[in-house]
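Residue strings, one per chain:
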Amino acid sequence: MMNKSITGIAMAALLATAAGSAVAGEPDRATGRLLDSLDYKYEVDEDGDYKLVFDLDNNRTQLVFVRSNVETFGTHHVREIWSPGYKSPSPQFSAAVANRLLEDSHESKMGGWVKQGELAMFVVKIDADASAEQLSDAIDAASRSADGMELELTKQDEY
């Protein structure tokens, strides 16, 4: 795994916007223990989210965030895994890009695309008490889906 420089301030602001009730700087320790058990290297960002960079095929890398904040809906407690895959040159996505992201969301077995400002983020939602193996599968789905879309739409490796 290698570190990769991205527009950190913009990414932090977008994740903070999506954070809901997350307490800035307070990582979820149970998630850290799961990541440690998987031997994943990570940093904790200003929001307390876990930031990971994975080496993928063809000398590509992919940025992934495992959110510390747990969302709830009824009796469900959900953890989100985010990975950026596309940055629009303008505040609005083109119709072609938006449609492609919707198509990919339909085809995906885990997760789907969301718009956060000018970024398209692939988000996988899992049970907050998921096992290390389930978390690893979700991270893999997010990183591969986002990287595949990034390659398809931009032919670059920014994330």
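Per-chain numbering applies: the sequence of each chain, read as written, is numbered from 1 onward. Reporting of local features is limited, given that this is a predicted model, to residues whose pLDDT is at least 70; pairs of side-chain atoms are given and counted only at 80 or more, and all residues count toward the totals for whole chains, interfaces and linings. Excluded from the side-chain calculations are hydrogens and water; all other atoms, namely the structure's heavy atoms, are used.

**A few points about unusual backbone geometry**
Of note, the phi angle at Asp39 is positive, near 60 degrees, even though the residue is not glycine. By secondary structure assignment, the location of Asp39 is in the loop between α2 (29-37) and β1 (43-44). Of note in this structure, Asn58 is not a glycine but carries a positive phi near 60 degrees. The numbering of helices and of strands both runs from the N terminus, where a helix is a DSSP run of H or I of at least 4 residues and a strand a run of E of at least 2. Among the structural elements, Asn58 can be located in the loop between β2 (50-55) and β3 (61-73). According to the relative accessible area criterion, Asn58 is exposed, its value standing at 68%. Here's how the labels work: a residue is buried when its accessible area is under 20% of the maximum for its type, exposed when over 50%, partly exposed in between, all with a 1.4 Å probe on protein chains only.

**Here we look at the packing of α2 against helix α4 (residues 132-154)**
Fitting a line to C-alpha atoms yields each axis, with helices limited to the stretch in contact; the angle taken between N-to-C directions then spans 0 to 180 degrees. Their axes nearest at 9 Å, the elements α2 and α4 cross at an angle of 80 degrees. In terms of their interaxial angle, α2 and α4 are classed as roughly perpendicular. Facing Leu34, Leu35 and Ser37 of α2, the residues of α4 in contact are Ala132, Leu135 and Ile139. Charged residues are taken to be Asp, Glu, Lys and Arg, nonpolar residues to be Ala, Val, Leu, Ile, Met, Phe, Trp, Tyr, Cys and Pro, and polar residues to be all remaining types, Gly included. Taken together, the residues of the contact of α2 with α4 sort by class into 5 nonpolar, 1 polar and no charged. Just so you know how the angles are binned, under 35 degrees is roughly parallel, over 145 roughly antiparallel, 65 to 115 roughly perpendicular, and the rest oblique. Contacts are residue-level and defined by heavy atoms, with any inter-residue pair within 4.5 Å sufficient.

**Remarks on the sheet that holds strand β4 (residues 76-87)**
At least two DSSP bridges between two strands are needed for those strands to be called paired. Sheet architecture is open: 6 strands sit in the order β1-β2-β3-β4-β6-β5, paired in antiparallel fashion. Edge positions in the sheet fall to β1 and β5 (112-116), since each has one partner strand and no second. Its contacts with the sheet put helix α3 (residues 95-107) on β4, β5 and β6 (119-127), and the angle it makes with β5 is roughly 145 degrees. Packing against the sheet, α4 makes contact with β2, β3, β4, β5 and β6, and its axis sits at approximately 25 degrees to β4.

**A look at the packing of α3 against α4**
Where α3 meets α4, the axes come as close as 12 Å, and the angle between the chain directions of the two elements is 150 degrees. The angle between α3 and α4 places the two elements in the roughly antiparallel class. With respect to the hand of their crossing, α3 and α4 are arranged in right-handed fashion. Here Val97, Arg100, Leu101 and Asp104 of α3 come into contact with α4, specifically with Met149, Glu152 and Leu153. Classifying every residue of the contact of α3 with α4 by side-chain character gives 4 nonpolar, no polar and 3 charged. Handedness of a crossing is defined here by the sense of rotation of the near helix relative to the far one, left-handed for an anticlockwise turn of less than a right angle and right-handed for a clockwise turn.

**Some words on the nonpolar core**
Nonpolar cores are built from buried Ala, Val, Leu, Ile, Met, Phe, Trp, Tyr and Cys residues. Side-chain atoms within 4.5 Å join them into one set. In terms of nonpolar packing, the biggest core is built from 26 residues, with Ile81, Val124 and Ile139 touching the most fellow members. At the level of secondary structure, the elements contributing two or more residues to this core comprise β2, β3, β4, α3, β6 and α4. At 7 residues, the largest contribution of residues to this core is made by α4. Counting residues in hydrophobic clusters, the runner-up holds 8 residues, among them Phe65, Leu119, Met121 and Val123.

**A look at the pattern of salt bridges**
Each salt bridge in this description consists of a side-chain nitrogen of Lys or Arg and a carboxyl oxygen of Asp or Glu lying within 4 Å of one another. This structure, assessed with the given rule, holds 10 salt bridges. Residue Asp157 pairs with Arg60 through a salt bridge whose shortest N-O separation is 3.9 Å. Of the two residues, Asp157 sits in the segment after α4 while Arg60 sits in the loop between β2 and β3, which places them 97 residues apart along the sequence. Judged by relative accessible area, which is 23%, Asp157 ranks as partly exposed. Of the residues examined, Arg60 reaches a relative accessible area of 9% and is grouped as buried. For the salt bridge of Arg144 with Asp140, the shortest nitrogen-to-oxygen distance reads 2.6 Å. Here Asp140 and Arg144 lie together in helix α4, a separation of 4 residues that amounts to about one turn. The network of salt bridges with shared partners includes Asp49, Arg67, Glu80 and Lys125.

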